[in-house]
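# Working through the structure, step by step
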Amino acid sequence: MTKLEQIPEKSPFDFSFQYLGLLLFMIGDGVEVGYLSPFLVRHGLTEHFVALVFTVYGLAAAVSAWGSGVLCDRFGCRKVIFAGVILWVVPQVLFLAVAVPAHSGWQILLTYGVRGFGYPLLAYGILTLLVREVRVSQRGLASGLFWFCFTCGLPTLGTVVASFSLPVFGEYGTFWVAFVAVILGGGLSLIVRHEGADKPAYERAQVALPAPRELVGVIRANPSLVFTCIVRAINSSATHGIIVFMPFYFISTLGLTSTQWMRFLETIFASNIVCNLFFGALSDRVSWRGTIMWVGGVGSGLASVLLYWVPAHFGHISPIALYGAAAFFGLTLAGYVPLSALAPSLLPDRKGLAMSFLNFGAGCSVWLGPLIVYIFQPLVGVGGVMAVYAALFVLSGVLVYFIKLPQELEANAAAHAHLSSSFSFARH
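Numbers given for residues are sequential positions, taken from 1 along each chain in its written order. The predicted origin of the model limits local features to residues at a pLDDT of at least 70 and limits the giving and counting of side-chain atom pairs to 80 or more, whereas totals for whole chains, interfaces and linings rest on all residues. Side-chain metrics in this entry use all non-hydrogen atoms of the structure; hydrogen atoms and water are not considered.

## Some details on helix α6 (residues 118–133)
By definition, any uninterrupted DSSP run of H or I lasting at least four residues is a helix, any uninterrupted run of E lasting at least two residues is a strand, and each is numbered from the N terminus. Helix span, as expected, comes to 1.5 Å for every residue beyond the first. In this model, α6 (16 residues) spans 23 Å end to end at C-alpha, consistent with the 22 Å of a helix rising 1.5 Å per residue. Note on classification: 1.4 Å probe, protein chains only; a residue is buried when its accessible area is under 20% of the maximum for its type, exposed when over 50%, partly exposed between these limits. Buried residues dominate α6, accounting for 16 of its 16 residues.

## Side note on unusual backbone geometry
Cis geometry is found at the peptide bond from leucine 154 to proline 155, where omega equals 5°. A positive phi angle, close to 55°, is found at histidine 103, a residue other than glycine. Among the structural elements, histidine 103 can be located in the loop between α4 (77–102) and α5 (105–115).

## Focus on the side chain of arginine 115
Within the secondary structure layout, arginine 115 lies in helix α5. The buried category is assigned to arginine 115, whose relative accessible area is 0%. A distance of 3.0 Å separates a polar atom in the side chain of arginine 115 from a polar atom in the side chain of glutamate 32. By definition in these notes, contact holds between two residues if any of their heavy atoms fall within 4.5 Å. Sequence-distant contacts of arginine 115, defined by excluding residues within four places in its chain, comprise Asp29, Glu32, Tyr57, Leu87, Trp88, Pro91 and Gln92. In protein, a polar contact requires one atom able to donate a hydrogen and another able to accept it; more generally it is a pair of N or O atoms within 3.5 Å, and residues adjacent in sequence count only if both atoms are side-chain atoms.

## Observations concerning the packing of aromatic side chains
Only rings of Phe, Tyr and Trp enter the pairing, Trp through its six-membered ring, and a pair is recorded when the two centres are within 6.5 Å. The plane angle decides the type: under 30 degrees is stacked, over 60 is edge-to-face, the rest tilted. Under the defined criterion, the tally for this structure stands at 29 aromatic pairs. Seen from their ring centres, phenylalanine 54 and tyrosine 112 are 6.4 Å apart, and the 55° between their planes marks the pair as tilted. On the criterion of sequence distance, the pair formed by phenylalanine 54 in helix α3 (residues 47–75) and tyrosine 112 in helix α5 is long-range, its members being 58 residues apart. With relative accessibility at 34%, the residue phenylalanine 54 sits in the partly exposed group. Using a relative accessible area of 5% as the deciding quantity, one classes tyrosine 112 as buried. Each ring, one from phenylalanine 95 and one from phenylalanine 175, has its centre 6.1 Å from the other, and the planes form 80°; the classification is edge-to-face. In this pair, phenylalanine 95 sits in helix α4 while phenylalanine 175 sits in helix α7 (residues 139–189), placing the two residues 80 residues apart along the sequence.

## Some thoughts on a nonpolar patch on the surface
Only residues above 30% relative accessible area that lack a salt bridge enter a patch, with like-charged residues linked at up to 9 Å and the nonpolar side chains Val, Leu, Ile, Met, Phe, Trp and Tyr linked at up to 5 Å. Accessible areas in this description were obtained via Shrake-Rupley with a 1.4 Å probe; residue shielding takes into account the shown protein chains only. We define a salt bridge as a contact between a side-chain nitrogen of Lys or Arg and a carboxyl oxygen of Asp or Glu at a distance within 4 Å. A contiguous nonpolar patch, built from Leu59, Trp367, Leu371, Tyr374, Ile375, Phe376, Leu379 and Val380 and spanning about 830 Å² of accessible area, is present on the exposed surface. By residue number, the principal contributor to the nonpolar patch is helix α15 (residues 351–401), which donates seven residues. With respect to the helices, strands and loops of the structure, isoleucine 375 is situated in helix α15. On the basis of relative accessible area, isoleucine 375 is assigned to the partly exposed category, the value being 41%.

## Thoughts on the packing of α3 against α5
The geometry of a pair of packed helices is captured by two quantities: the angle between their axes and the separation between those axes. At their nearest, the axes of α3 and α5 sit 7 Å apart, and the two run at 25° to each other. It follows that α3 is roughly parallel to α5 by the angle criterion. As α3 packs across α5, the resulting crossing turns out to be right-handed. Note on element contacts: α5 touches α3 through Gly105, Trp106, Leu109, Tyr112, Gly113 and Arg115, opposite Phe49, Leu52, Val53, Phe54, Val56, Tyr57 and Ala60. Three classes are used, and their members are as follows: Ala, Val, Leu, Ile, Met, Phe, Trp, Tyr, Cys and Pro are nonpolar, Asp, Glu, Lys and Arg are charged, and the others, Gly among them, are polar. Each residue belonging to the contact of α3 with α5 can be placed in one class, and the counts come to 10 nonpolar, two polar and one charged. Angular values range over 0 to 180 degrees, each being the angle between N-to-C directions of two axes fitted as lines to C-alpha atoms, with helices fitted over their stretch in contact. These descriptions rest on fixed angle ranges, namely under 35 degrees for roughly parallel, over 145 for roughly antiparallel, 65 to 115 for roughly perpendicular, and the rest for oblique. Working rule for handedness: look at the near helix, and if it is turned counterclockwise from the far one by less than a right angle, call the crossing left-handed; if clockwise, right-handed.

Pasting the structure below:
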């Protein structure tokens, strides 16, 4: 056992305050999803400038997602979680109290862009805490519970809260309703139920932030970290991409209604929320890697094809088939949940650094999905875009096969050394 490594003995349920805090925080973060863009346009911004605002926000989230893990290694998870709360709350106050009333595009860009650093620090700080402190045999369950709370809050319950709040408080007042949820969630996530939780991970040794040369060395020693990052980026890319073009495909091309599209999207998220828990727990008993490969990679590849084909052929005649395809897509995406359990096992004494590769992939998926739409839709249409997503999902399953744990690398090296010595002996 290295000086940083410990044998975690805690259950996922020892972190119930963190799960509840994450749920409330992500509800607050997701309240604005359905109306922020038109709200900003009505306050003087052009649609083009709003796209720039969202782009800056996404880039900030990607940088923050990468930094969350390594900062947890250096300063401890709870300090990172606290920083996430501050970086959400302070820019949001300035956004609501200064930038929006002034109708200033650049103030909105600055304040909302900075807020993009907030939620990844809190959310992925909690995830890093869980995979560090929860016993290995329940790490898949802990990851499943995390993603259940994350996706249940953003966007599912966030949009539900908005639907009730908007008629009562209006758009501006609903921002403040979300603000309260974030404060409550952030506070709960900082409550420590067990004295000493998280301390051994950063108090036994002061871990320096990795320098570029060190990162290159780590990647050369374990290229599986890069594979993990790529697989995670593929995992969520289609989800971020389909919301760009699929509404137009449903309504303008197929002649389906906006209500059918909304129910279709809600079915994807609802199925995914439930199945996150199921596949998280199942993967602990079966196989982390096998669940990702077959349910996530191969399953999502097939589901992507069905997501295009079923609405075109059965959208007008079979609601069961239509929403069944959506439910199947949500189910297969849940097959990637064990990635959050697998990643920290790649660097047992630098779990935070390992999680940074995973989290960076999650951040990159925010822009990767829409970028695929931007490049391929003019060339190959909607069907071609879904085929690209399907191919990427299958590729992710192949990459998972090549993700090797340290003990597997050591075993392979030992076997290679044994064969080399045997060959040398035979020659003599």
